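Remarks on the overall topology
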Amino acid sequence: MSPRLVPARDDSVRRTDRPLTVTVDGTPVPGVAGQTLAGVLLAAGRTAWRTGRGGAPRGVFCGIGVCFDCLVTVNGERDVRACMRRARDGDAVTTQSRASAAPDAPGSAPDAPGSAPAPTPAPAPAPEQP
Amino acid sequence: MKRRTVVVVGAGPAGLAAADGALAAGADVVLIDSADRPGGQYHRMLPQAYEARAPEAVQHGYSAFEKRVRRVLGHPRCSWWAGAEVWALERTDGAEAEAGTRPLATAHPEPATTAHPEPPATAPAEPAGARRTGPPTAPPRPEHAPPLKVHVLTPAPEPGAPRRRHVLEPDALVIATGAHDRVLPFPGWELPGVVTAGAAQALAKGERLAIGDRVVVAGTGPFLLPVAVSLLEAGSTVTEVVEAAGRARAARGWLDRPWELAAQGGKGGELAGLTGALARHRVPYRFGRAVVAARGDGRVEEVVTAAVRADWSVVPGTGRTTAVDALCVGHGFTPRLELAVAAGCALRPGPSGAPADVFVDVDDEQATSVPGVFACGEITGIAGAPAARTEGALAGWLAGGGSPYARPVAALRRSRDQGRAFARRLARAHPVGAEWHGWLRPDTVVCRCEETDFASVCAAAGDPASGEARVAKLATRAGLGPCQGRVCGPTVAELRHRLGAGEHPVDPAGHPVDPAGPGPHHRPVAVPIRLGELARPPEPPAGEHPEQPHRPAQSYLPVEESGP
């Protein structure tokens, strides 16, 4: 009852799966090399991993890097579009929330509680136009 | 003599054809795309890591596409910048970057050397659309006048490092940035599991991921067909395809003048194949219905559809609820215009005449109003891949210095005109009905990023103090979130127009505001750039730095040639 990867043995494109593992807020999530982070999360049964301003869950919407609904923090780098980033083995994904963001600092929302410590300092958030 | 340099932004059908054309004309080409593999949305390729042995199984027209990719990316004069984003264009002439500030002019570079662009795939018949200009007569553009500085971000050399900045100053720029799905809001469209038709297609074709088990595909336009078929192919059950256009209208649009369809690179055959696949899977295709709400606890669980009239007003008492675990929606496309707007290209109103329904205005040779800047593909009109390829071939050839009098150019122009006729026909068959806002409720989210609801948009439109668009934007915050109005921009503009807050009457000085103004497409920073990246100096220009990303895509090109 959720999104899933076409099983490699049934796949008409005859692909080869190489397993990888990412962590999402510290929990290991299995994936396949070549998938985007959004693909890994969806195939693992997670349809939502971010919360909007009002606290409502969000996941993939546009799938091609336009809508920014699927933002995650990857290895400490904030505001990464999960639909645009290929998963790498060992990626530490932490979910983001805009629920408590100040209205004029949308890039500065704190990560969700329980997120893994960032291995590198987060870069400055993307500037938003007035 | 120094060879001409052409930067092509976008490696979809239009951009690849443009690169091909510019290479054929003898130019050096830098082809830039934000994805890590060429093809754009139409030819979305599988990840290299999948090592797919039969990638053609999910691709329409794969062999011709693959041949072109090999020819272009393997060309010694082509640099392929994968995963790179153009974040700004800077005009070098000191003029204000404002659309429509210059008369439409034609750029005619040096006459052709030897090669010719690829002739159009289809034998051109009668020109189906009127051409705006006769034989090209405009004087050549002054040499050594790069039209723009192109600011590019390329991927970090190793994970975790900042992306690199580059500034290119080409002799000509071809913008082929394509379009993304337009989705009209409805109650519950922000629930997880509701995705754009393009997202479902990208995940199925590009990653082999089925978005759900029981899926409804809804909206308007022929794109719903391949999306439904991609889902079926990935193993989903498509419970129904819901097309808001009436059956008679869609049939008229599609079946009138079938020779036009045949001229569009086999669109007729493609259509038959897709409808056949739906029939085999017994997927009902319902005309004159629309998704008017999605419901669920934390994710979409059911979809409410209703019969709609020609203007998309809901027929009372026709609502029906369907259980789903995913919903894919597309109400046409929004061209990605930020770079064209940043370049200062004049725009023209689209077929609907709705505010924000605008495209790049190009002349008979795909030249924009800015000398040296060409545009092709969906940013000049939504006409499909074959038309985009033709426009790209024309734009690239001329941008690369090819002669406008070369014999294949005339054929390309005719084919392009047929493409434009096809675009008009698409627009006629699948217009967005004016009364769609009837399915909004006061608390329906209109701007997904800022969660601005319909009531707030209505209140701002009715308030004289916030009648001006900029004030309304600040008051409601619609369009101020991370996506910068890419999703809600056309919707908010249209709603405000309907609600009487006329978006383009007069400016504060009393001058009439251009109805084809950039509107929500004005984004001087085209993609987000981190302050740390901005602070770094740009890398030296090509040729002066050994680490310049030059043809990195070669790694994926197979060593030996295969195929015909």
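Since the structure is predicted, the reported quantities are computational estimates derived from the model, not experimental observations.

1. Comments concerning the interface of chain B and chain A
Taken residue by residue, the interface counts 63 residues in chain B and 56 residues in chain A. Between chain B and chain A, roughly 5,300 Å² of surface is buried when both sides are summed, and carbon and sulfur atoms account for 52% of that area. It is Tyr50, Arg208 and Arg530 of chain B in chain B that bury the most area against chain A; as a group they hold 13% of the surface buried on that side. Summed over the shared surface of chain B and chain A, the result is 10 salt bridges. Here arginine 81 of chain A ties to glutamate 85 of chain B by a salt bridge, and the two come within 3.4 Å at their closest N and O atoms. Where chain B packs against chain A, one counts 26 residue pairs in polar contact (both at pLDDT 80 or more). Breaking the side of chain B that touches chain A down by element, the ones donating at least two residues are strand E9 (194-196), helix H3 (197-207) and strand E10 (209-210) of chain B. Per-element tally for the side of chain B that touches chain A: the top contributor is H3 of chain B, with 5 residues. Classifying every residue of the side of chain B that touches chain A by side-chain character gives 32 nonpolar, 11 polar and 20 charged.

2. Description of the confidence of the model for chain B
Scored by pLDDT, chain B has a mean of 83; 81% of the residues are at 70 or more. What the predictor reports for the complex is a pTM of 0.85 with an ipTM of 0.85.

3. Quick notes on the packing of aromatic side chains
What the rule picks out here adds up to 5 aromatic pairs over all chains. Taken together, a centroid distance of 5.3 Å and an interplanar angle of 55° make the contact between phenylalanine 223 of chain B and phenylalanine 333 of chain B tilted. Residue phenylalanine 223 of chain B is found in the loop between strand E11 (214-220) and helix H4 (224-233), and its partner phenylalanine 333 of chain B is found in strand E18 (residues 333-335); the two are separated by 110 residues along the sequence. Judged by relative accessible area, which is 28%, phenylalanine 333 of chain B ranks as partly exposed. Here tyrosine 285 of chain B and phenylalanine 287 of chain B contribute two aromatic rings whose centre-to-centre distance is 5.2 Å and whose plane-to-plane angle is 50°, an arrangement assigned as tilted. Using a relative accessible area of 26% as the deciding quantity, one classes phenylalanine 287 of chain B as partly exposed. Positioned over the ring face of tyrosine 42 of chain B is lysine 205 of chain B, at 5.6 Å from the centre of the ring. Above the ring of phenylalanine 61 of chain A, the side-chain terminus of arginine 448 of chain B is found at 3.5 Å from the ring centroid.

Criteria and thresholds
- Residues numbered from 1 in each chain as written.
- Chains lettered and ligands numbered in written order.
- Predicted model: local features only at pLDDT ≥ 70, side-chain atom pairs only at ≥ 80, totals over all residues.
- Heavy atoms only, no water.
- Contact = heavy atoms within 4.5 Å.
- Buried area = accessible area lost by both parts, 1.4 Å probe.
- Salt bridge = Lys/Arg side-chain N within 4 Å of Asp/Glu carboxyl O.
- Polar contact = N/O pair within 3.5 Å; in protein donor to acceptor, adjacent residues only side chain to side chain.
- Helix = DSSP H or I, 4+ residues; strand = E, 2+ residues; numbered from the N terminus.
- Nonpolar A, V, L, I, M, F, W, Y, C, P; charged D, E, K, R; others polar.
- pLDDT = per-residue confidence, 0-100.
- Phe/Tyr/Trp six-rings, centres within 6.5 Å; stacked < 30°, edge-to-face > 60°.
- Buried < 20%, exposed > 50% of the residue type's maximum accessible area, 1.4 Å probe, protein only.
- Lys NZ or Arg CZ within 6 Å of the ring centre and 35° of its normal.

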